[in-house]
Amino acid sequence: MNKFKAFVVKKKAFRRESTQPLIENNNDIQDGFEQAPCTKYEKALVQNTLDIHKEQRLQSEEQITPEKLAGLLQVPLEDGSCCSTHRQLNAEQQHLCLVQRSVDQHFPKLPPDVDQNLHQYLENVQKMVITEFVRLGSPLTRMGLMGSLIDCYHRETFTRLDDLLQNVRSSKNSFGLMKWVLHTYLSPEMLCHPQLQEMDPIKNVDLLLFTEWVRKAKDKLLENVENEVKVFLEKILQNERDKETVKDDLYVDTIQCIDAMIEAGRQISQKLSGRVQDVCFQELLNFLTQYTNEQTEILEKKAKVDKPEIKDFFKTLNNCKEIKQYIQRKKFKTSLLNETLAVLENMETFTVKVLKEITADMTERYLKKYFKSENKDFLLLILDLNHLFSELQGFQGVQMRVVHEAYKLITYLYLKHFIQRSKNKLLRCWSPDVGQTVNQDAEMLQETFSKLAPGVEQWHLMLLSVKELDECESFDAVKLTVARMHHEYHTWSEFMEILPALLRWKGLSKRKIMEVEDILKELPNYQPRAGSVSWFLCFYW
């Protein structure tokens, strides 16, 4: 493109006087070429190319006859066209008609199947133009007609490129066509070929045709990209609906589809790549909106069965996470980014919420029996938790998040049921050492969840504090233990809310619990419950 900009600057002075008539007559040339090649087109061609070669012809000393020029151009002198009727055209017009006839005769014909043969056709055009320019360069330069030949080939090239543009259906060929025009046509591979340096074809090229075609090609390319991405993403959705072909990594195909388009645009220009990205991400938003709507219905139905299979929940979370990370690495319209992120985050929030509901329902069923009977087989809950999360290992991208939420929830539910049973009732149902039983359960939970996600936060520590509180023999020891717990767990708001009830379970009076609260108010990071006289009193009493 830097080469192209240099050419534009160079052309401004050279074509200043001839630009206006060229623009005015451009439509007549293109229309007339199809309807009346013997009269209207050739006369318009003379008018439009006159300024290009007039000065060269005035300097030329070589006499040109139509017969000599026809032989050089390898075209018949008379073919029934108006160029053959010498009385209707002057010598200069006859020469230009012969030049145009040569271009028509030598230019490769469009292939019947453009999408299948585009690359080969462009190679043929490239070779033909260089061959003809090299063959005719010296003699036509002496005759003052080389500028006309270049101009005719340039116009014919973009006439054919217009036809190609209308027949290209795939984004791949749209990219290929545009890349050829922007990176090959004005490069050393074609018009700036080393063998053409002396004649300098660029000075006789109408760059307005070039820029207008690029604008149309860009619009056509974006249209093809939009259609292809839409069809491909719809196919992904259809595969997702088809249980026989469903895959766990929908995000892989989705990202690969979009990335391929963006990269193809980047190979042409960074600006074009940005426009392609905008089109792709708009289609991605449409796709994600439909995908999340369908997944919401599917997950809601799965959650209602007695023993739901939750692999689809992990898969949905993983797809959302991977696509979210992908788009966050890209730079595009803020409004589109925010809207897409909102769709993904809403889906994640919903999925985690339903997962927690499933986990809570199962855990509640076990804990209600566990704390109200002599059946202390906590292992049954552990076994079902292992089964519930058995397929989580295949989704490492969301493994930690799911385990973190489940572990935290189960620990909280355990404490909630624990403080709802008086110490005396637990002593009757359990062993005399209640704290030791809680410690054993806590260690079992930690072992289970640390295997599911190594490095997960140790939520069981709050359970271990039960034994420590229970063994405090003085009120001062209780205050020190609570202060330490606040220091270590102040960010665990759910557990701090349970703390007053836990103190009540130990047997502390209302007055002493309020005294503990006064101590905590003096500690760093103390956060009282908003709108409540005492966060200690609102939970239990």
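Here the structure is a predicted model, which is why all the values come from computation and not from measurement.

Caption draft 1: Representation of the overall build of the protein in the model. Along the protein, the regular secondary structure elements total 22 helices and 0 strands. Counting across all 541 residues of the protein, residues that qualify as buried make up 49%. Taking as baseline every contact in the protein between residues at least 6 positions apart, the subset at least 24 positions apart corresponds to 73%. Accessible area of the protein: about 27,100 Å², with a carbon and sulfur share of 49%.

Caption draft 2: Representation of the environment of Gly144. As for its position among the elements, Gly144 is in the loop between α6 (114-143) and α7 (146-167). Along the chain, Gly144 and Ile64 lie 80 residues apart, while their C-alpha atoms are 9.8 Å from each other.

Caption draft 3: Broad picture of the side chain of His417. Structurally, the position occupied by His417 is in helix α15 (residues 396-420). With residues near it in sequence (within four places) discarded, His417 still touches Glu364, Leu367, Lys368 and Phe371.

Caption draft 4: Layout of helix α18 (residues 461-470). By the criterion of burial, α18 is predominantly enclosed, with 7 of the 10 residues buried. Taken together, the buried positions of α18 are Met462, Leu463, Ser465, Val466, Lys467, Leu469 and Asp470. In this structure, the buried residues of α18 make contact with α15, α16 (423-429), α17 (434-452), α19 (475-489) and α20 (493-506).

Caption draft 5: The pattern of salt bridges, seen in detail. In this structure the tally under the stated criterion is 29 salt bridges. The shortest N-O distance in the salt bridge between Lys315 and Glu240 comes to 3.1 Å. You can see Lys315 sitting in helix α12 (residues 311-328) and its partner Glu240 sitting in helix α9 (residues 207-241), a full 75 residues away along the chain. Summarising the burial analysis for this pair, Lys315 and Glu240 share the class buried. For Lys353, the salt bridge goes to Glu357, with nearest N and O atoms at 2.9 Å.

Caption draft 6: Geometry of the side chain of Lys220. With respect to the helices and strands, Lys220 occurs in helix α9. This buried residue, Lys220, is left without a salt bridge; Glu223 holds the nearest opposite charge, at 4.3 Å. Each residue touching Lys220, except ones within four places of it in the same chain, is listed here: Leu165, Val168 and Arg169.

Caption draft 7: Representation of the packing of helix α13 (residues 334-370) against helix α14 (residues 379-388) in the model. Two numbers describe how α13 lies on α14: the axes approach to 10 Å, and their chain directions differ by 165°. The angle between the axes of α13 and α14 places the two elements in the roughly antiparallel class. Where α13 crosses over α14, the two elements pack in a sense that is right-handed. Mapping the contact onto sequence places Ile358, Thr359, Met362, Thr363, Tyr366 and Leu367 in α13 and Leu380, Leu381, Asp384, Leu385 and Leu388 in α14. Class assignment for the residues of the contact of α13 with α14 results in 8 nonpolar, 2 polar and 1 charged.

Caption draft 8: Spatial organisation of α20. With 14 residues, α20 should cover 20 Å at 1.5 Å per step; its first-to-last C-alpha distance of 21 Å lies within 8% of that length. A bend of about 35° at Leu499 is the largest found in α20, and the proline Pro500 appears one to four places after it. Within α20 the residues assigned to the buried category are Phe495, Met496, Ile498, Leu499, Pro500, Ala501, Leu502, Leu503 and Trp505. Within two residues after α20, Gly507 carries a phi angle of roughly 115°, on the positive side.

Caption draft 9: Molecular detail of the nonpolar core. Core analysis: the biggest nonpolar cluster contains 158 residues, and Phe133, Ile327, Phe389, Phe418, Trp430 and Phe449 have the highest contact counts within it. Of the residues forming this core, the biggest block, 15 residues, is contributed by α13. The residues contacting Phe389, other than those within four sequence positions of it, are Ile310, Phe314, Thr359, Val402, Ala406, Phe449 and Leu452.

Thresholds, definitions, all that
- Residues numbered from 1 in each chain as written.
- Predicted model: local features only at pLDDT ≥ 70, side-chain atom pairs only at ≥ 80, totals over all residues.
- Heavy atoms only, no water.
- Helix = DSSP H or I, 4+ residues; strand = E, 2+ residues; numbered from the N terminus.
- Buried < 20%, exposed > 50% of the residue type's maximum accessible area, 1.4 Å probe, protein only.
- Contact = heavy atoms within 4.5 Å.
- Areas by Shrake-Rupley, 256 points an atom, 1.4 Å probe, with all protein chains shown as cover.
- Salt bridge = Lys/Arg side-chain N within 4 Å of Asp/Glu carboxyl O.
- Lys, Arg positive; Asp, Glu negative; His and termini not counted.
- Axes fitted to C-alpha atoms, helices over the stretch in contact; angles between N-to-C directions.
- Parallel < 35°, antiparallel > 145°, perpendicular 65-115°, else oblique.
- Left-handed = near helix turned anticlockwise from the far one by under 90°.
- Nonpolar A, V, L, I, M, F, W, Y, C, P; charged D, E, K, R; others polar.
- Expected span 1.5 Å × (residues − 1).
- Bend = angle between axes of the 7 residues up to and from the residue.
- Core = buried A, V, L, I, M, F, W, Y, C linked by side-chain atoms within 4.5 Å.

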